[in-house]
Amino acid sequence: MKKESDRLYFIDNLKIALIMLVVAHHAGQAYGPGGWWFFLDDESINWLGRFFSVNAAFFMSLFFFLSAYFLPQSISRKGPKRFLKERLIRIGIPLLLGFLVMIPILMYLYYINFRDYEPIPFFSYYVNIFFGLGNEPANWTGPSWPDMQFGHLWFLEHLLVYAIVFSVWTFFTSKKFTQKSDRNIKVYQILSLWLVVSLVTFITRIWFPIDHWTAFLGFIQTEFAHVPQYVSFFCLGIMAYHRKWFLTMSARAGYIWLVIGILIVTILYFGGNTIDPFLLKGGQNFGSLARSLIETLLCISLVIGLLILFREKVNGANRWSKMLANNVFVVYFIHVPVVVFLQYTLNDLPISVWTKFLITVFLGIILSFLLSHFVWRKIPYLKKMM
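Given the structure is predicted, the values throughout are model-derived calculations rather than measurements. (Residues numbered from 1 in each chain as written. Predicted model: local features only at pLDDT ≥ 70, side-chain atom pairs only at ≥ 80, totals over all residues. Heavy atoms only, no water.)

A.B. asks: Explanation requested: the environment of Pro94 in the structure shown.
C.D. replies: Tracing the sequence through the fold places Pro94 in helix α4 (residues 80-114). Expressed as a C-alpha distance, the spacing of Pro94 and Pro121, which sit 27 residues apart in the sequence, is 25 Å. (Helix = DSSP H or I, 4+ residues; strand = E, 2+ residues; numbered from the N terminus.)

This is the structure:
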């Protein structure tokens, strides 16, 4: 039995794999069907639509799950007030930096390259179009008005909001609610979780279908279609710490869930037109209910299965893995500008769209880690953040 005080290298390694998948996901956004992205290629790879759907069903929920796992220990060590102050500095400041500088630049490039308007200076765009202080242009193509958004930084925004809520809850609750135990999660509890989260997801998608983004409370960029999963797995991550699920769940059970997840992924990838009519993005219909059930089961299966797989098989560390793990959070922050830069750079080359996609994935991962390690982490103030 592993000691809880030991470094959980399998979590570091799982985060490395996840962030690489995130980079690959966004690398494909320019070359896949549907959705909106900062750059759009003339050709499209239909297969990427399934790649996006499978990823969206589990990978951000897994990120919330892993991120929440360490919160109770951090709050216990620092206290809610100090914890909250550090979170606001380490996540809030980069979030503002991205919102005020990085995202406007990416949106401006989209405006001058993919909208049928006369080019305007960046400052004019920044004030009138991004923040919407000017009039909405005729025949506006969106994705929303004004262009103001957080882009991929919505995850950091949600993570900060969830952490604030949890720290406030911890401040006002007694210690009896956070006592540790060795109770492992039971199969009937997992199945109950599946049904409840699926039902809440289905009900939510009646009014908020997949890919429908809105500004909750006016500033929290939210796709409500996946929020039931995100919130559930954030809470489960906290419970996992107190009940030691990461260490006590049996390998056999984990592998069974992993097999279930792989089978669902295989069906979604190769089911073709047979299953597409039954997987609708929202609405009060059987297709949306089916998708909610399948996505939630896929999410639960892969979260448990991948966690156990990495615990049992990828639980070591070396100099390279430690370096990669230390840069995961920064890579999430900076990878989109890197990916978009590559997409623009590759646009006029006489190569296939598949080749563009693969090059963007490969170089996007490498350059993002290099910039994080050799640039971001060498700047004293930036090094303290994230």
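That was the structure; now back to the text.
A.B. asks: Looking at this model, I keep getting lost on the packing of helix α1 (residues 9-28) against helix α12 (residues 319-326). Mind explaining?
C.D. replies: Describing two packed helices takes the angle between their axes plus the distance from one axis to the other. Running from N to C, α1 and α12 point in directions that differ by 65°, and their axes come no closer than 9 Å. Between α1 and α12, the crossing angle belongs to the class labelled roughly perpendicular. Handedness of the α1/α12 crossing: left-handed. Across from Tyr9, Asp12, Asn13 and Ile16 in α1, the residues of α12 making contact are Ser321, Lys322, Leu324 and Ala325. Within the contact of α1 with α12, the residues separate by chemical class into four nonpolar, two polar and two charged. (Axes fitted to C-alpha atoms, helices over the stretch in contact; angles between N-to-C directions. Parallel < 35°, antiparallel > 145°, perpendicular 65-115°, else oblique. Left-handed = near helix turned anticlockwise from the far one by under 90°. Contact = heavy atoms within 4.5 Å. Nonpolar A, V, L, I, M, F, W, Y, C, P; charged D, E, K, R; others polar.)

A.B. asks: Help me out: how do you make sense of the side chain of Glu157 in this one?
C.D. replies: Locating Glu157 in the fold gives a position in helix α6 (residues 154-172). Despite its burial, Glu157 remains without a salt bridge, the nearest opposite charge being carried by Arg87 at 15 Å. Not counting the four nearest positions on each side in its chain, Glu157 is found in contact with Leu95, Phe150, Phe219, Ile220 and Gln221. (Buried < 20%, exposed > 50% of the residue type's maximum accessible area, 1.4 Å probe, protein only. Lys, Arg positive; Asp, Glu negative; His and termini not counted. Salt bridge = Lys/Arg side-chain N within 4 Å of Asp/Glu carboxyl O.)

A.B. asks: When you look at the pattern of salt bridges in this model, what are you seeing that I'm missing?
C.D. replies: A side chain of one charge can pair with a side chain of the opposite charge when the charged atoms of the two come close. Evaluation of the coordinates by the stated rule reveals eight salt bridges. Here Lys356 makes a salt bridge to Asp41, at a shortest N to O gap of 3.1 Å. Of the two residues, Lys356 is situated in helix α14 (residues 353-374) and Asp41 in the loop between α1 and α2 (47-69); the sequence distance between them amounts to 315 residues. Here Lys356 and Asp41 have matching classes, each one buried.

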